[in-house]
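What follows is each chain in one-letter form.
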Amino acid sequence: MKLELVIVDDSTLWLSLAEKLAKTHPLVGSVTTFDDSYDAWVHIQINKPQFVISDIEMPGMNGLSFLEMFADRLPFISSSTKQEFEDVARELGCVDFITKPFTKSGLHNSIDLVYEKLYGKSNKTISHSKNQNYNAYNRQ
């Protein structure tokens, strides 16, 4: 099953980078981005995506506020240029915390953790299982 993702970041640079990297993950089906936290809040309430990646430091409603409101209802990956936010974000319920600048593999690993939280199995297990099925089919 492909995941529906919302990314919230007031920096257009980080927002576009996160979107581009998330779209390369094989389990991400759709990505909706917001540079305004209030617009994202409305979208999350109405559309109920499967998970959210949110910057911590944003004007208006920050990423910690998002965690307080939604972490009990959907998985969050928190991100920031400041590592000191990690402990607070984890206490509020984020699945993972990624420090900017993040890499493709770092973001993909975080998405794998979300998938495992949602479905109880890792992306690696699924990939391994598909390879076994493919190999078994080709041996016949």
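Look up: the structure comes first, before these words.
Residues numbered from 1 in each chain as written. Predicted model: local features only at pLDDT ≥ 70, side-chain atom pairs only at ≥ 80, totals over all residues. Heavy atoms only, no water.

A. A look at the packing of aromatic side chains. Following the criterion strictly, the structure yields 4 aromatic pairs and no others. A centroid spacing of 5.4 Å and a plane angle of 45° characterise the contact between W14 and F102, whose relative ring orientation is tilted. Linking W14 in helix α1 (residues 12–23) with F102 in the loop between β5 (96–99) and α5 (104–119), this pair joins segments that are 88 residues apart in sequence. As far as the burial class goes, W14 and F102 line up, both buried. Ring centres 4.8 Å apart and planes at 45° place the aromatic pair Y115 and Y119 in the tilted group. With Y115 and Y119 both in helix α5 and 4 residues apart, the pair spans about one turn of that helix. Taking relative accessible area as the criterion, Y115 reaches 4% and is therefore assigned buried. Given a relative accessible area of 30%, Y119 falls into the partly exposed group. An aromatic cluster is present here, built from F66, F70 and F76 joined pairwise through their rings. (Phe/Tyr/Trp six-rings, centres within 6.5 Å; stacked < 30°, edge-to-face > 60°. Helix = DSSP H or I, 4+ residues; strand = E, 2+ residues; numbered from the N terminus. Buried < 20%, exposed > 50% of the residue type's maximum accessible area, 1.4 Å probe, protein only.)

B. Here's a closer look at the sheet that holds strand β4 (residues 76–80). With parallel pairing, the 5 strands of this open sheet are ordered in space as β2-β1-β3-β4-β5. Edge strands, defined here as strands with exactly one partner in the open sheet, are β2 (28–34) and β5. Shown here is a sheet whose adjacent strand axes are inclined to one another by a mean of 20°, direction ignored. Most of the contacts of α5 go to β5, to which it runs at about 170°, and overall it touches β1 (3–8), β2, β3 (51–55), β4 and β5. (Pairing = 2+ DSSP bridges. Axes fitted to C-alpha atoms, helices over the stretch in contact; angles between N-to-C directions. Contact = heavy atoms within 4.5 Å.)

C. Looking closely at the packing of α1 against α5. At their nearest, the axes of α1 and α5 sit 10 Å apart, and the two run at 65° to each other. The angle between the axes of α1 and α5 places the two elements in the roughly perpendicular class. Helix-helix and strand crossings are classified by hand; for α1 and α5 the assignment is right-handed. Contacts from A18, L21 and A22 in α1 reach K104, L107, H108 and I111 in α5. Counted by class, the contact of α1 with α5 contains 5 nonpolar, 1 polar and 1 charged residues. (Parallel < 35°, antiparallel > 145°, perpendicular 65-115°, else oblique. Left-handed = near helix turned anticlockwise from the far one by under 90°. Nonpolar A, V, L, I, M, F, W, Y, C, P; charged D, E, K, R; others polar.)

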